[in-house]
Structure formats: structure tokens, C-alpha cells
Amino acid sequence: MADEEVIMEVQAVRAVYGDDCTVLNTYPPHLHVHIKPRTANVSSQQFVEAAIEIRANPQYPSDPPDINVIWSKGLDEERLKHLSASLHDKACELTSCLMLVALCEEAVERLSVMNHPHGNCPLCLYPLVTQVEQNESLPFMKLMSCFHCFHSECIIRWWKWLQLQNDSNGENSTGTVQSSASKTNQHDIMGNCPVCRKVFHDKDIEHAIKLAGSCSMQKDLAEEEACESASLLQWDLETSRQQKFETILQLQKESGGLIEARKDGVLFSGIVLPELVTDSRTIEQQGKDQAAVEDPESSGSSNRAHKTKQHQRFRQGPTEREPHGSSGGPPPSQRRNAGTGKYYRKTSRPRTQQWIKKEKP
Amino acid sequence: MTSSSAPSRKALSKIAQNRLQKELVEWQVNPPVGFKHKVTDNIQRWVIEVNGAPGTLYANETYQLQVDFPEHYPMEAPQVIFLPPAPLHPHIYSNGHICLDILYDSWSPAMTVSSICISILSMLSSSTTKQRPADNDRYVKNCKNGRSPKETRWWFHDDKV
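Worth saying up front: this structure is predicted, and the values here are computed from it rather than measured. (Residues numbered from 1 in each chain as written. Chains lettered and ligands numbered in written order. Predicted model: local features only at pLDDT ≥ 70, side-chain atom pairs only at ≥ 80, totals over all residues. Heavy atoms only, no water.)

Asks: Got a minute to help me understand the overall build of chain A in this structure?
Replies: The helix and strand tally for chain A stands at 13 helices and eight strands. Buried positions account for 42% of the 361 residues belonging to chain A. Here the analysis covers contacts within chain A between residues at least 6 apart in sequence; of these, 60% occur between residues at least 24 apart. Surface accessibility of chain A: about 19,500 Å² in total, with carbon and sulfur atoms responsible for 52%. (Helix = DSSP H or I, 4+ residues; strand = E, 2+ residues; numbered from the N terminus. Buried < 20%, exposed > 50% of the residue type's maximum accessible area, 1.4 Å probe, protein only. Contact = heavy atoms within 4.5 Å. Areas by Shrake-Rupley, 256 points an atom, 1.4 Å probe, with all protein chains shown as cover.)

See the structure below:
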């Protein structure tokens, strides 16, 4: 009877973890489970992973099973110890309960909490993540194959250096980079991880390179240093957040009315309005806006004409007057407005930088 | 900075400077066992004292390593040689050049002066005979004009020592 329950539990683990679960023996249970932190399936956000072995004896569940971490990536010794200890504690705590799924979930939970890179960037030797001020740390990335982490800037600088060596050598003689094609064809370029020499492909660092896209490969390294101080690259997470905000902003623009002018602003001449509107637009649009502001004022048109002009201006941009008028209560719209303003400020920084970057080459 | 000296003597880039500062601090806190950095005011050239490991052929012997950093360190490997007299070793030439792959083709920017030192000490320690490489005379003659070992095309065939 008890045996059947255990066998069913093993089937449950198999159902939950699918291919990540290897059942070596159904009874008494002996499993290998590949554990990843919860990252909503965004693999670039995954900095650690591990495989655990759960091995029970025939007395399970009155005897807790043995649990071992078979291998792990991205975890330093301290976190590895913590993982093992947590799993052991959990097993003791759940003694005489069916605990296989609970143990795997505990491992997922631990890894999710510890899902961050550790220590210094192996290239510049400065910390990847600073404890004090998260915002001040440089953007970093990891190689997908081995989970070794670097500052994006540092790994790209090295990557470019390899290309440069490769190009200047003509024939492939560096030994660290193998490129069968010309420099324009980047698709079969490989490198070795500076830490473990595991081969990785350019798609591994593609996402970081895209961010640095406009800094050309052939650019003089000294020159590059100057522009690097502006720290052009964004941390993956920041990028994804920006994308999210951008989508929200777009959605708001389309549905209209969420980015509204303040009510009191409408009553006054309109000087208040453009500021708000500008705040939520791109730089190019700023010019148009200002032109629009000057226009009604200089023409000295009647109040009615003035209003129409304003109306047109709203249509250009993300704002619509009608919903505002009908909505009546200012608090929700104002709250939303403040919200989008804040969102925008986050996205505005990289945009400006991209804009500057394009000017350079 | 303004002088147009030989490429190998180019001043360190900003990135190289930062990295070396960091390595120097780390060295001071946690120097590799058996090594002593001889402090100078030149961060671009380190002179490091090596003590042969106890229980090896080089026990109680002291040698000096000279490490010169290129402009784009750590992208480029540093130039590492023994100052005379160089230890008698099947991979160390009498002019101080060291035949060790990580100093040339197998250099990786994740390596540090400290890790190089450990590799060199390990190379010394695993030696079973005190002798020069077979092609020592020919090689040294070819290097007459102060040529850097980094310009040599090395063959790395022996992974025992």
C-alpha cells in the first residue's frame, strides 16, 4: 500500500519536472532532477542551476532520503553549502511525509533566491554586483554554456579584441578564435570562455553585442575607452524592464487618455500642458511640440481657436481630451499620469544614449 | 605618452591601469606563496622574487621574474622572463625566456600575475632534471637583439613538466 503511494509520488515528480527529471529507480525512489531558478523561462536571467540526486531506501518516507547536489553552475561554495543544508533540513522536517516534490520545490525556491552572479568580473576584477548600491554596478551578462559571468563591457571588449587579432593576422593563427569566414560574416565565430575555455558561439554574447552595436569592431580601442566611460550598455534585466515599459507606453498611446494633461492645465493657457506632453515623448517630437506651443500664442487667436489647436496637438501625441472630459474625476487619471511619467523617465535614459551613439561613427 | 617609442613600450591603457591597480592590491592582501613583489614606482614592470618550493630541485634557490605589461593588458599577455641567472630547467632558456603556453597562445584575460606565478612555480617544481632545453644555443642566438619571447613561435609539446 505504502509502496504504491511512493510509486505514484515518483510519477508525480516525473509529471512536474518532465525532461528535467530522470528516474533511475521507481522503488525505492532514486531520481536525478535538474533544478533551475524561477525566471519565467528567460534564460538570460538565469545565473545558477544545479542537479540534485534524491535516493531513498525501502523505509522511505519514515527514513528521509539522501540528497546530493551532483553538479551546479554559477554557485560558489557558500551558496552550494546553503543549498545542500536547506534540502537536508527540509527532508528532516518532512520525515514520514511523501516529500519528493516538496524537496524539488525547496531546491527551486533556494535557487530562485540565490539566482545572482557572484564575485568579481574575471576580466577587470571589479565586483559584478555591488552589495551597497545595485544601481551603481555595471551591466553584466553570462555565457550561456558555462554560466561564467562578466561585465558586458568587459566581455565585449575582449570579444572585439579577438576579432581584431583575427583580422590583422589574416590567417587564423591566434588559436583562441576560429573564424572560417571574413570579418563581415560573424555567424561562425567562436571563442573560448576566458575562465574555463569552454567554447561558446557568438550567439552567446549576441544580446550584449547588439546593445553595443554601433561601436564598430574596427574602432580604435583607445577611442572606445572614451565612449565606454559613458557605460552604454544595459543590464539584461534593465533592458527587459524597458521593453515592458515601452509596451505599456505604446498601449497607452494607442488606447489614448492615460497620459493626460492635468485638469487645471487645460484651464490655463497651455504652457503647463506641453511640458507634460513632452515628458512622455521622444526627443524628435519635442521640437514639434514646442512649435505647436508657440504657434497659438504668437497668432493671438481667439480662445476657441486656441482650444482647437490644443486639441490637434493632443491628437498628434499620446493624449486625448475627450476621455479626460468625460472621466470627470481627476484622481485616477492623475495617478496614472504620474505613473507613466515615472516609467518614461526610466526608458528615456538609454534612448538618449542610443541617440548619441548613432551620432558618433 | 607623447613619445613614439616601440609598441611594446606603449603606456598602459586606462583599463590596464585599473586592472593592475586591482591586482596589486589583491597581491598585497593575498600574495602567492613563495613570491615577493619588489616594489618600484613603475606599475608597468613588476620584478618578482621566486623561491624554489621546498622538497623540489629548486629548494632554497631564489630567482627573479620580470613582468612587463603591454598597453592592452589583460587582452594581451604580459611578457614574463627570468632575469639572469635563469634557473636551469628544460623549458627555460639561458636568456630567461620561458616556454610556457599560457604566456603566449593559451593566454586568457582571466589570468592574473598571481596565477602566472603559480604556474611557473608549478613548472619548476615538477622538473626532474636541471638542464637547459635541447635547442638552447640556437634559440638564444636567434634572440640576440633583445627580442621578446612573445615574438617567438613556440611549440608546446611536453605536458609532463
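Structure's up, so let's keep going.
Asks: What is the right way to look at the overall build of chain B in this model?
Replies: A tally of regular secondary structure across chain B gives three helices and four strands. Each helix and strand of chain B, ordered N terminal to C terminal, gives the series α-β-β-β-β-α-α. Taking all 161 residues of chain B together, the buried fraction comes to 48%. Pairs at least 24 apart in sequence give 60% of the contacts found in chain B among residues at least 6 apart. A total of about 8,800 Å² of accessible surface is found on chain B, and carbon and sulfur atoms cover 52% of it.

Asks: Whenever I open this one, the interface of chain B and chain A confuses me. Can you help?
Replies: Interfaces are frequently sized by the accessible area removed from exposure as the parts join. Contacts between the two partners involve 21 residues from chain B, matched on the other side by 17 residues from chain A. Carbon and sulfur atoms supply 65% of the area buried between chain B and chain A, which totals about 1,500 Å² over both sides. If you look at where chain B meets chain A, you find three residue pairs in polar contact (both at pLDDT 80 or more). For the side of chain B that touches chain A, the residue count by class is eight nonpolar, six polar and seven charged. (Buried area = accessible area lost by both parts, 1.4 Å probe. Polar contact = N/O pair within 3.5 Å; in protein donor to acceptor, adjacent residues only side chain to side chain. Nonpolar A, V, L, I, M, F, W, Y, C, P; charged D, E, K, R; others polar.)

Asks: Explanation requested: the confidence of the model for chain A in the structure shown.
Replies: Should pLDDT be low for a region, the predicted coordinates there are not to be read in detail. Residue and element names in this part refer to chain A. Within chain A, residue pLDDT values average 68, and 50% of them lie at 70 or more. Contacts from residues 171-187, a stretch scored under 50 in pLDDT, to residues over four places away or in other chains number 30 contacts. Counting interchain partners and residues more than four positions distant, the pLDDT-below-50 stretch residues 291-361 has 91 contacts. (pLDDT = per-residue confidence, 0-100.)

Asks: Looking at this structure, how should I read the pairing of strand E1 (residues 35-38) of chain B?
Replies: For a regular strand, side chains alternate in direction, first toward one face of the sheet and then toward the other. Residues and elements named next belong to chain B. On E1, burial follows the alternation: Phe35 and His37 on one face are buried, whereas Lys36 and Lys38 on the facing-out side are not. Bridge analysis of E1 against strand E2 (residues 45-51) gives four bridges, and the strand direction is antiparallel. Looking across to E2, one finds that His37 is bridged to Ile48. The turn linking E1 back onto E2 is made up of six residues. (Pairing = 2+ DSSP bridges.)

Asks: Which parts of the structure should I look at to understand helix H3 (residues 100-113) of chain A?
Replies: Its 14 residues give H3 of chain A an end-to-end C-alpha distance of 20 Å, which sits within 8% of 20 Å, the value for a rise of 1.5 Å per residue. In this structure, the buried residues of H3 of chain A make contact with helix H1 (2-17), strand E2 (30-35), strand E3 (49-55), strand E4 (66-73) and helix H2 (77-93) of chain A. (Expected span 1.5 Å × (residues − 1).)

Asks: Mind showing me how you'd approach the UniProt feature "active site" (unreviewed entry) in chain B here?
Replies: Residues and elements named next belong to chain B. When the UniProt feature table is mapped to this numbering, "active site" (unreviewed entry) covers Cys99. The residue Cys99 is located in the loop between strand E4 (79-83) and helix H2 (113-125) in this model. A relative accessible area of 13% means that Cys99 is categorised as buried. (UniProt positions renumbered as here; feature names shortened; annotations may be inferred.)

Asks: Sorry if this is basic, but what is going on with the environment of Phe140 of chain A here?
Replies: All names here are of chain A. Within the secondary structure layout, Phe140 lies in strand E5 (residues 140-142). When its relative accessible area of 3% is taken as the criterion, Phe140 is described as buried. The sequence separation of Phe140 and His151 amounts to 11 residues, and the corresponding C-alpha distance is 3.9 Å.

Asks: It is not clear to me how the nonpolar core should be interpreted in this structure. Could you clarify?
Replies: Across soluble globular proteins, you tend to see nonpolar side chains buried next to one another. Core analysis: the biggest nonpolar cluster contains 39 residues, and Trp46, Ile48, Leu65, Phe82 and Ile98 of chain B have the highest contact counts within it. Only helix H1 (14-29), E2, strand E3 (62-68), E4 and H2 of chain B provide two or more residues apiece to this core. The dominant element in this core, judged by the number of residues it contributes, is H2 of chain B, at seven residues. Tyr17, Leu100, Leu103 and Ala107 of chain A belong to the second largest nonpolar core, which has 27 residues in total. (Core = buried A, V, L, I, M, F, W, Y, C linked by side-chain atoms within 4.5 Å.)

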